[in-house]
Amino acid sequence: ASRTPTEKKSAMKVKETTNWLKEIIDFAVSACIMAFFAYLYKSQVVNKLPHDKIAAVESEPDPLVTLRQRDLGLFACCRQGSTCAYAVFCTPLVAAKNFEVGNVMKFWPSCILLYLTMALPPCLCCFVGLKTYLSSKLKRNMGMEGSACKDFCLNLCCTWCEIGRESMEV
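Calculation notes
Residues numbered from 1 in each chain as written. Predicted model: local features only at pLDDT ≥ 70, side-chain atom pairs only at ≥ 80, totals over all residues. Heavy atoms only, no water. Helix = DSSP H or I, 4+ residues; strand = E, 2+ residues; numbered from the N terminus. Rg over C-alpha atoms; globule rule 2.2 N^0.38 Å. Contact = heavy atoms within 4.5 Å. Areas by Shrake-Rupley, 256 points an atom, 1.4 Å probe, with all protein chains shown as cover. Lys, Arg positive; Asp, Glu negative; His and termini not counted. Charge placed at Lys NZ, Arg CZ, Asp CG, Glu CD. Axes fitted to C-alpha atoms, helices over the stretch in contact; angles between N-to-C directions. Parallel < 35°, antiparallel > 145°, perpendicular 65-115°, else oblique. Left-handed = near helix turned anticlockwise from the far one by under 90°. Nonpolar A, V, L, I, M, F, W, Y, C, P; charged D, E, K, R; others polar. Expected span 1.5 Å × (residues − 1). Buried < 20%, exposed > 50% of the residue type's maximum accessible area, 1.4 Å probe, protein only. Core = buried A, V, L, I, M, F, W, Y, C linked by side-chain atoms within 4.5 Å. pLDDT = per-residue confidence, 0-100. Salt bridge = Lys/Arg side-chain N within 4 Å of Asp/Glu carboxyl O. Polar contact = N/O pair within 3.5 Å; in protein donor to acceptor, adjacent residues only side chain to side chain.

**Quick look at the overall build of the protein**
1) Next: Helices and strands together make up the secondary structure of the protein, namely 7 helices and 0 strands.
2) Next: Helices and strands appear in the protein in the N-to-C order α-α-α-α-α-α-α.
3) Next: Taking 15 Å as the expected radius of gyration for a compact globule of 170 residues, we find that the protein reaches 20 Å, considerably beyond that expectation.
4) Next: Of the contacts formed within the protein by residues at least 6 apart in sequence, a portion of 73% connects residues at least 24 apart.
5) Next: For the protein, the computed accessible surface area is about 10700 Å², with 66% contributed by carbon and sulfur atoms.
6) Next: Across the protein, the mean location of the 20 positive side-chain charges is 7 Å away from that of the 15 negative side-chain charges.

Now the structure itself:
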């Protein structure tokens, strides 16, 4: 009982549709789980942190002002197990917390943007670009030196360590 070419094409279309539907359902379930955990994380962690320690800087820093070096190395979060685990398994939440406390962007918009750009494979380069842009604003608000090229490379190759380090700095 061999299939005709028309039957084979029809079966392949059904399989492709099924695969897309499965992908959409997986994404929706993942997004719901992340949203629920984000709500808990915001209410139990983010809302309890001081939001007035880091002032938002609207313009470029004065060239006569010396920006400080970072106090922590790239792998500093590895010494704090909970920070490292949160940075790896809850990446958009921890980054959104950093950006809210650092007066860069509110928690929910940054969490949603970061999650979508991380979760959708074609957007991964957008995630690195977005994270680099927001991190540079965070460093500026904290009075730290920054380099767009270096930050891009860190966010491309060592995203979790960079988010963990930022979490410890804010």
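**Overview of the packing of helix H1 (residues 5-44) against helix H4 (residues 107-119)**
1) Next: One way to put it is that H1 packs onto H4 with a least axis distance of 12 Å and a crossing angle of 150°. Relative to H4, H1 is oriented roughly antiparallel. In the crossing of H1 with H4, the sense of the turn from one axis to the other is right-handed. On H4, the residues that touch Phe 27, Ser 30, Ala 31, Met 34, Ala 35, Ala 38, Tyr 39, Tyr 41 and Lys 42 of H1 are Phe 107, Trp 108, Cys 111, Tyr 115, Leu 116 and Ala 119.
2) Next: Grouping the constituent residues of the contact of H1 with H4 by class yields 13 nonpolar, 1 polar and 1 charged.

**Re H4**
1) Next: Across its 13 residues, H4 extends 18 Å between first and last C-alpha, which sits within 8% of the 18 Å expected from 1.5 Å per residue.
2) Next: Residues of H4 that are buried: Phe 107, Ser 110, Cys 111, Leu 114, Tyr 115 and Thr 117.
3) Next: If you follow the buried residues of H4, they end up packed against H1, helix H3 (91-101) and helix H5 (124-141).

**Focus: the nonpolar core**
1) Next: Grouped together as the largest cluster of nonpolar side chains are 25 residues, with contacts concentrated most on Tyr 41, Leu 93, Phe 99, Phe 107, Cys 111 and Leu 114.
2) Next: If you list the elements that add at least two residues to this core, you get H1, H3, H4 and H5.
3) Next: What Phe 99 contacts, discounting residues up to four positions off in sequence, is Val 104, Met 105, Ser 110, Leu 114, Lys 131, Leu 134, Ser 135, Leu 138 and Glu 166.

**Quick word on the confidence of the model for the protein**
1) Next: This prediction gives the protein a mean pLDDT of 87; 95% of its residues lie at or above 70.
2) Next: When the elements of the protein are averaged for pLDDT, H1 gives the smallest value, 87, and H3 the largest, 95.

**Points about unusual backbone geometry**
1) Next: Within the chain, Asn 103 stands out as a residue other than glycine whose phi angle is a positive 55°.
2) Next: As for its position among the elements, Asn 103 is in the loop between H3 and H4.

**A short note on the environment of Ala 87**
1) Next: One can find Ala 87 in helix H2 (residues 81-89).
2) Next: When its relative accessible area of 1% is taken as the criterion, Ala 87 is described as buried.
3) Next: In the structure, Ala 87 is positioned 78 residues away from Arg 165 in sequence and 9.1 Å away in space, judged by C-alpha atoms.

**Comments concerning the pattern of salt bridges**
1) Next: Scanning the model with the defined rule gives 6 salt bridges in all.
2) Next: For the salt bridge of Lys 22 with Asp 26, the shortest nitrogen-to-oxygen distance reads 2.9 Å. Of this pair, Lys 22 and Asp 26 are both found in helix H1, 4 residues apart, which corresponds to roughly one turn of the helix.
3) Next: Under the relative-accessibility criterion, Lys 22 is labelled partly exposed at 49%.
4) Next: Its relative accessible area of 38% is what places Asp 26 among the partly exposed residues.
5) Next: One network of salt bridges, with partners in common, ties together Lys 139, Asp 151, Glu 162 and Arg 165.

**What about the side chain of Ser 135?**
1) Next: Residue position: Ser 135 is located in helix H5.
2) Next: Within the local environment of Ser 135, its side chain forms a polar contact with the side chain of Glu 166, the two groups lying 2.7 Å apart.

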